[in-house]
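In case you want the letters, here they are:
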Amino acid sequence: MEHIKIENTEGLLIIRMSRGKANALNGEMVEELIAAISEAEASHSVRGVVLASDRAKFFSGGFDVMEVFAYDREKMTEFFSRFIDLYEGMLRLAKPVVAAVSGHAFAGGAVLALASDLRVMAEGEFGFALNEINIGLALPPGMIRMAVTAVGAARARELVLEGKTVKPAEALDYGLAAEIAAPEAVLERAVGRARELAAKPPLTYGAIKQSFNEVTGLPSAASDHQALDAFIEHWFSPESIHHRQLLIDSLRR
């Protein structure tokens, strides 16, 4: 694995994202994360997963702007389809998944945190944002359902329609964070929460998690693959292209 580090410790698979300054997601990193989640699903010795970061101040800044924004239609369709496979695989995994959000989590990085069963966040001046609307991107229904499930419809509207950045203390108030901790303690607390969940009867945990997903409209009941064509059409719309280029230009400056 080039972009992630995996450690199996006493029944927990700890997956640390480890790419660049901000764990910017590209095709290779998404494939490695899919492989890690598949390993957790297949292994009887794995009772739970912790998704973490070894980058200072970042959980994940989202898609790699310079690489992913340059994908043509075919490549982007393949990439986003696999990104759907990744977060839906996390949602469908019949084992606990806890996110150790030890820094900023934006856009696609925030989506991965939302796909976890719960989130432990670092206290401090970090931001959590589904800020796709600010760069002309329309979230698929499943991503919006994840936000609604996490914080309720009213606050999900703030996150999605305003692209609002939420600080850790506010995330705790929203219910977005299960708890906040000092940055150096986030992974330890996330591991502790994952062990608490992994101690539940495993078949029962998996069955209830699946039922919860079905009741709230999350995969396995529905899939964002059904909305993939609409997402790609919007991605290549003049409005979306224009706002993505503005972001690229600002980063180059």
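Now for a description of the structure that goes with this document. (Residues numbered from 1 in each chain as written. Predicted model: local features only at pLDDT ≥ 70, side-chain atom pairs only at ≥ 80, totals over all residues. Heavy atoms only, no water.)

On to the overall build of the chain, then. Helix and strand counts for the chain stand at 11 helices and 10 strands. With respect to the principal axes defined by its C-alpha atoms, the chain has extents near 50 × 40 × 35 Å. Looking at the 253 residues of the chain, the share that counts as buried comes to 52%. Across the chain, every contact between residues at least 6 apart in sequence was considered, and the portion connecting residues at least 24 apart equals 74%. Entry remark: accessible area of the chain is about 11300 Å², with carbon and sulfur atoms responsible for 54%. When the 26 basic and 34 acidic side-chain charges of the chain are each reduced to a single mean position, those positions are 3 Å apart. (Helix = DSSP H or I, 4+ residues; strand = E, 2+ residues; numbered from the N terminus. Buried < 20%, exposed > 50% of the residue type's maximum accessible area, 1.4 Å probe, protein only. Contact = heavy atoms within 4.5 Å. Areas by Shrake-Rupley, 256 points an atom, 1.4 Å probe, with all protein chains shown as cover. Lys, Arg positive; Asp, Glu negative; His and termini not counted. Charge placed at Lys NZ, Arg CZ, Asp CG, Glu CD.)

Turning next to the sheet that holds strand 10 (residues 179-181). If you walk across this open sheet you meet the six strands as 1-2-3-5-7-10, and the pairing is mixed. The two strands at the open ends of the sheet, each matched to only one other strand, are strand 1 (4-9) and strand 10. Adjacent strand axes in the sheet meet at a mean angle of 20 degrees, parallel and antiparallel pairs treated alike. Strand direction decides the pairing type here: strand 3 (residues 48-53) and strand 5 (residues 97-101), joined by three bridges, are parallel. Within strand 5, the position partnered with Val49 by the bridge is Val97. Each of strand 1, strand 2 (12-17) and strand 3 touches helix 1 (residues 27-42); the most contacted strand, strand 2, lies at about 175 degrees to it. (Pairing = 2+ DSSP bridges. Axes fitted to C-alpha atoms, helices over the stretch in contact; angles between N-to-C directions.)

For the rest of this paragraph, the subject is the pattern of salt bridges. Going through the model one piece at a time under the given rule, you end up with 17 salt bridges. One salt bridge in this structure joins Arg19 and Asp64, with 3.0 Å as the shortest N-O distance. Of this pair, Arg19 sits in the loop between strand 2 and helix 1 while Asp64 sits in the loop between strand 4 (58-60) and helix 2 (65-68), and the two are 45 residues apart along the sequence. In this structure, a network of salt bridges that share partners links the residues Glu179, Arg189, Arg193 and Glu196. (Salt bridge = Lys/Arg side-chain N within 4 Å of Asp/Glu carboxyl O.)

Moving on: the sheet that holds strand 4. Two strands in a sheet stick together by hydrogen bonds in their backbones, pointing the same way (parallel) or opposite ways (antiparallel). Strand order in the open sheet formed by four strands is 4-6-8-9, and the pairing between neighbours is mixed. A single partner strand is all that each edge strand has here, and the edge strands are strand 4 and strand 9 (165-166). Two strands pair when backbone bridges link them, and strand 8 (residues 128-129) and strand 9 are joined in this way by two bridges, in the antiparallel orientation. Within strand 9, the residue paired with Ala129 across the bridge is Thr165.

Glancing now at the nonpolar core. Formed by 66 residues in total, the largest nonpolar core has its most connected members in Leu33, Met76, Phe83, Tyr87 and Leu112. Per element, the largest residue contribution to this core is nine residues, and it comes from helix 3 (residues 73-92). Residues contacting Leu112, with those up to four places away along its chain left out, are Met17, Leu25, Leu33, Leu51, Phe83, Leu86, Tyr87 and Met90. If you look at the next biggest cluster of nonpolar residues, it comprises 18 residues, including Val98, Ala100, Leu118 and Ala190. (Core = buried A, V, L, I, M, F, W, Y, C linked by side-chain atoms within 4.5 Å.)

Counting buried positions along strand 7 (residues 118-122) yields five of five residues, so the element is predominantly enclosed. Across the two faces of strand 7 the burial is the same, with Leu118, Val120 and Ala122 and Arg119 and Met121 all buried. Here strand 5 runs beside strand 7; their pairing, made up of four bridges, is parallel. By the bridge assignment for strand 7, Val101 is matched with Met121. Examined bridge by bridge, strand 7 and strand 10 share three bridges and lie parallel to one another.

Among the five residues of strand 5, five are classified as buried, and the element is accordingly described as predominantly covered. Taking every second residue as pointing to the same face, both faces of strand 5 are buried, with Val97, Ala99 and Val101 on one and Val98 and Ala100 on the other.

With that settled, the discussion passes to unusual backbone geometry. With glycine set apart, most residues show a phi of negative sign, and most peptide bonds adopt trans. At Asn23, a position not held by glycine, the phi torsion is positive, near 55 degrees. The buried category is assigned to Asn23, whose relative accessible area is 0%. Even without glycine at this site, Lys57 takes up a positive phi of about 75 degrees. Among the structural elements, Lys57 can be located in the loop between strand 3 and strand 4.

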